[in-house]
Amino acid sequence: MPSPRIRASQYRIIKPKKFIRPSRESISPNSIALYLQVEATLKEMIEGLVYSPGERIPSERELAEQLGVSRMTVRRAIENLIQRGLLERRSTSGTFVRQPQVYRRVGEDVAMGLTQLLREEGAVAGSKLLGFEVMLAPLKIAEKLAIRVGVPVCMIRRLRTANGKPFCIETSYLPQDLVPDLCDEDLNKPQASLYSLLANRYGIRLVRNQETLNMSYATHEEAQLLELKEGDPVLLLKSVVFDEHDRPVEYLKSVNHPGRVVFSSRSVFK
């Protein structure tokens, strides 16, 4: 069953569940491959904040002793988590929980494109165009953009990267009459910025968002693009972006890698 929708203006802090460090009994030799069990156990502990971002995890020898498996089994599980972006090796210092690469702001009345956001964070923004087409707006998109059903809209789907690492897949819908000559060539460049195009070519100044944030699960295609496994949790951001005339200009759906993106808000939690 999908998780209930969380509105950015209604965030509240939830303490993570208490996790017990794994014991030998948590690993069963009679079920799935041992390294997959170790991988799942470590992943659960990382997501449950037993090990925080930037924290060093126990050595392979220590984990092998705790779990009652070989160091080779632990090493294979750790290598998988490194490939998935959850862990990283630091020379001879050990293995650490990977720090997020992107901090995205939500719950603020400011519309900021990812290119500008990454530049402010000192990261190199990248973009790969996955799809561009003009389509007739179905009911849901028409409602979000306050247009009639069947009105032409531009659909733009892109894979976004920070320092060469993919962190989100974004699908944008814009009324075509606002961007009449927009085409795929405009966005088929690694440094292409949609919001810069809107401002410089069309004189559209985006000023605020209406956002919701949910947990979802990666499809097969999303998992391949984001270097995850199918069914892994992802963070799904949906946003309607308004211009200075309070006109909805963009409806955005953004699928985010949970190990590479952190959403933050300046709201005061109580």
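Please refer to the structure placed before this passage.
Everything numeric here is computed off the predicted structure, so don't read it as measured data. (Residues numbered from 1 in each chain as written. Predicted model: local features only at pLDDT ≥ 70, side-chain atom pairs only at ≥ 80, totals over all residues. Heavy atoms only, no water.)

Focus: the overall build of the protein chain
Part 1 of the argument: Per the secondary structure count, the protein chain includes eight helices and eleven strands.
Part 2 of the argument: Across the protein chain, the fraction of contacts at a sequence separation of at least 24, relative to all contacts at a separation of at least 6, is 63%.
Part 3 of the argument: Accessible area of the protein chain: about 14800 Å², with a carbon and sulfur share of 51%. (Helix = DSSP H or I, 4+ residues; strand = E, 2+ residues; numbered from the N terminus. Contact = heavy atoms within 4.5 Å. Areas by Shrake-Rupley, 256 points an atom, 1.4 Å probe, with all protein chains shown as cover.)

Section: the packing of helix α1 (residues 34-47) against helix α3 (residues 71-83)
Part 1 of the argument: At a minimum axis distance of 8 Å, the contact between α1 and α3 shows a crossing angle of 55°. Here α1 is positioned oblique relative to α3, judged by the angle of their axes. Taken as a pair, α1 and α3 cross one another with a handedness that is right-handed. Taken together, the residues of α3 that come into contact with α1 (itself represented by Leu34, Tyr35, Val38, Glu39, Leu42 and Lys43) are Thr73, Val74, Arg76, Ala77, Ile78, Asn80 and Leu81.
Part 2 of the argument: Considering only residue class, the contact of α1 with α3 consists of eight nonpolar, two polar and three charged. (Axes fitted to C-alpha atoms, helices over the stretch in contact; angles between N-to-C directions. Parallel < 35°, antiparallel > 145°, perpendicular 65-115°, else oblique. Left-handed = near helix turned anticlockwise from the far one by under 90°. Nonpolar A, V, L, I, M, F, W, Y, C, P; charged D, E, K, R; others polar.)

Overview of the packing of helix α2 (residues 60-67) against α3
Any two packed helices are characterised by how steeply their axes cross, that is the angle between the axes, and by the distance between the axes.
Part 1 of the argument: Viewed as axis vectors pointing N to C, α2 and α3 meet at an angle of 115°, and their least axial separation amounts to 8 Å. Classified by the angle between their axes, α2 and α3 sit roughly perpendicular to one another. The chirality of how α2 crosses α3 is right-handed. Facing Glu60, Arg61, Leu63 and Ala64 of α2, the residues of α3 in contact are Arg71, Val74, Arg75 and Ile78.
Part 2 of the argument: A class-by-class count of the residues in the contact of α2 with α3 yields four nonpolar, no polar and four charged.

Looking at the packing of aromatic side chains
Part 1 of the argument: Within this structure, the stated rule accounts for one aromatic pair.
Part 2 of the argument: Both rings, one in Tyr173 and one in Tyr251, keep their centres 6.1 Å apart while their planes meet at 25°; by these two values the pair is stacked. Of the two residues, Tyr173 sits in strand β7 (residues 165-175) while Tyr251 sits in strand β10 (residues 248-256), which places them 78 residues apart along the sequence.
Part 3 of the argument: Residue placement shows Arg90 over the ring face of Phe96; its charged tip is 4.0 Å from the ring centre.
Part 4 of the argument: Between Arg208 and the ring centre of Phe242, over which it is positioned, the NZ or CZ distance is 4.0 Å. (Phe/Tyr/Trp six-rings, centres within 6.5 Å; stacked < 30°, edge-to-face > 60°. Lys NZ or Arg CZ within 6 Å of the ring centre and 35° of its normal.)

Comments concerning the pairing of strand β9 (residues 233-243)
Part 1 of the argument: Among the eleven residues in β9, nine count as buried, and that is most of the element.
Part 2 of the argument: Sheet analysis places strand β8 (residues 206-217) next to β9, joined by eleven bridges and oriented antiparallel. Its bridge partner lying in β9, Gln210 is registered against Val240.
Part 3 of the argument: Examined bridge by bridge, β9 and β10 share eight bridges and lie antiparallel to one another. Residue Leu236 lies in a different strand from β10, and its bridge partner there is Val255.
Part 4 of the argument: Hairpin remark: β9 followed by β10, antiparallel, with four residues in the connecting loop; positive phi at Asp246, about 60°. (Buried < 20%, exposed > 50% of the residue type's maximum accessible area, 1.4 Å probe, protein only. Pairing = 2+ DSSP bridges.)

Purely geometric numbers; function is a separate question.
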